[in-house]
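Geometric and topological summary
For reference, the chains in residue letters:
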Amino acid sequence: MVVSAEQARQKAEARRQRILAKSAERLDMASNGMASKEVEHSVPLSPVRRRRNQNKKKKTVEKLRLTLHATKLKNVAGLGKGISDPYANVTLVTSGRELILGQTEVVKNSIHPTWTSSFLFDYNKGEKMSIEVSVVDEVKKGSDIPMGSAAFEIGDILGSQGSIKGKELKEGGMLHARISKVPSRSAGKLSLRLEGKDLRNVEISKSDPLFELCRTYDGGKSWTPVYRSEYVMNNLNPDWKAASIDVNALCDGDLKREIKLAIFDYERKGENKPLGAFYTTVNDLMQSENSKLIHSGNGSKAHGTIFVHECKITGAEPEEVKPPEENDVAEEEEAEAAKKAEEERAAAMKAQEAAAAAEAEARRRDIEEAESARKAEEERAAAKKAHEAAVAAEAEARRRDIEEAEAARKAEEERAAAKKAQEAAAIEAEARRRDIEDAEAARK
């Protein structure tokens, strides 16, 4: 039986959910059993075992972060009113209850918005939870216009490759939702103030520069903005306002992880124009305080300088070092469950690739057969055309032979008639000559 990629993925996700549910059930049973023994024997638990039981209960809840972006949205701004300014409303739905998580910022003049806003929420493993997102065009004078909505199951997103899933909107375009795990320790806020000097001018007057801080989820293949500054009007030497960025959102608290700082020229109509970018880390930015970083545009030529006037982290929680006694069986079970879920996702992906390869091979064979049939049909048509041409040529040759024979016959008849007429004329002339001679002889 051939299993489709979607069926394989659903099967893997169902098994992963069963594993997680069983793990949670075992944790609850272990916790309840320990409590009953404590009552029965009246033996107090040690602080380490008490913390272990508390941690077991917490294992079933994860802190997650949701980010959104959309592509090819329908422009609902109206004729002569430019391009839509989309934002998104986000609601968490669980057990029939709705919790409004919030609203993204407005991305001006874009039908391909990537919102920098992110939304944190607690995910109860084994519980069915979903996210409802509605995309709206902001209208300054009048009512905002809906651009589409979609609902995402949390488990579906987590089970998708890269923990990102897209859904087509009825009104047009695609909405993408990404979920990432939030580190248990808060890495604080990054306070950053930048200044640009001699940036590239791409306007008739002067560029209106802004900057974005971006992170990657796939090893640098693509970059997602986490913070977008305000633009500075008509200024190639912008001094941007101080920014406050969640360090966990930027680099998961890893200060050595590569991030990207990109500079853009703000456009009132259409997508912002890139002015250049460079790659760095939070550590490098903090070490570069009061110094400069080269901001490179396209090619090797430098297009201005970025000065770091302030870069520091505040509010970071100290790293918690767990005693070895707290590394319990539940962690091993979760690791095993995650491993199995990953293996099942890999198997589902392999099945999907095999199905895609089989489909591609079938399409290739169909194309080859269609091409062979087309060539054979062309050859038959060419042979038929050649036969018809030969028959037509033969008929034309016969027609010409008949015409030539008819023409020769007519010419022969005309020559015979002319000769006969000539002979008759000669006889008549001879008779007249004799008559004249006889008349002359008689006269004499």
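Residues numbered from 1 in each chain as written. Predicted model: local features only at pLDDT ≥ 70, side-chain atom pairs only at ≥ 80, totals over all residues. Heavy atoms only, no water.

The protein chain has the name Copine in an unreviewed UniProt entry, where Skeletonema marinoi is given as its organism.

Digging into the pattern of salt bridges
A full pass over the atoms with the stated rule returns 37 salt bridges. Residues Arg268 and Asp208 are paired through a salt bridge, measuring 3.1 Å at the closest nitrogen-oxygen approach. In this pair, Arg268 sits in the loop between strand E13 (259-265) and strand E14 (273-280) while Asp208 sits in the loop between strand E9 (189-197) and strand E10 (209-215), placing the two residues 60 residues apart along the sequence. The class of Arg268 is partly exposed, set by a relative accessible area of 38%. Judged by relative accessible area, Asp208 falls into the buried class, the value being 2%. Among the salt bridges present, the one from Arg215 reaches Asp252, with a minimum N-O distance of 3.1 Å. Separated by 37 residues along the polypeptide, Arg215 in strand E10 and Asp252 in the loop between helix H4 (247-251) and E13 bring together distant segments of the chain. On the basis of relative accessibility, which here comes to 4%, the residue Arg215 falls in the buried class. The exposure class assigned to Asp252 is partly exposed, which follows from its relative accessible area of 27%. (Salt bridge = Lys/Arg side-chain N within 4 Å of Asp/Glu carboxyl O. Helix = DSSP H or I, 4+ residues; strand = E, 2+ residues; numbered from the N terminus. Buried < 20%, exposed > 50% of the residue type's maximum accessible area, 1.4 Å probe, protein only.)

Focus on the sheet that holds strand E7 (residues 164-168)
The strands making up a sheet are joined through hydrogen bonds of the backbone, oriented either antiparallel or parallel. Pairing within the open sheet is antiparallel, and its four strands lie in the order E4-E1-E8-E7. Because the sheet does not close on itself, it has two edges, and the strands there are strand E4 (114-124) and E7. The sheet shows a mean angle of 25° between the axes of neighbouring strands, taken without regard to direction. Where E7 and strand E8 (residues 174-181) come together, five bridges link them in antiparallel fashion. Across the sheet, residue Glu168 finds its bridge partner in E8, namely Met174. (Pairing = 2+ DSSP bridges. Axes fitted to C-alpha atoms, helices over the stretch in contact; angles between N-to-C directions.)

Some thoughts on the side chain of Asn248
Assignment of secondary structure puts Asn248 in helix H4. Looking at Asn248, the relative accessible area reads 5%, which means it is buried. Among the polar contacts made by the side chain of Asn248, one reaches the main-chain amide nitrogen of Gly253 at a distance of 3.4 Å. Residues contacting Asn248, with those up to four places away along its chain left out, are Arg65, Pro183, Arg185, Ser186, Ala187, Arg215 and Gly253. (Polar contact = N/O pair within 3.5 Å; in protein donor to acceptor, adjacent residues only side chain to side chain. Contact = heavy atoms within 4.5 Å.)

Some words on the packing of aromatic side chains
Taken as a whole and judged by the stated rule, the model has four aromatic pairs. When the ring of Trp223 is compared with that of Tyr279, the centres are 5.4 Å apart and the planes differ by 50°; the resulting orientation is tilted. One end of the pair, Trp223, is in the loop between E10 and strand E11 (224-228); the other, Tyr279, is in strand E14, with 56 residues separating them in the sequence. Taken together, the ring pairs in this structure connect Phe211, Tyr227 and Trp240 into an aromatic cluster. (Phe/Tyr/Trp six-rings, centres within 6.5 Å; stacked < 30°, edge-to-face > 60°.)

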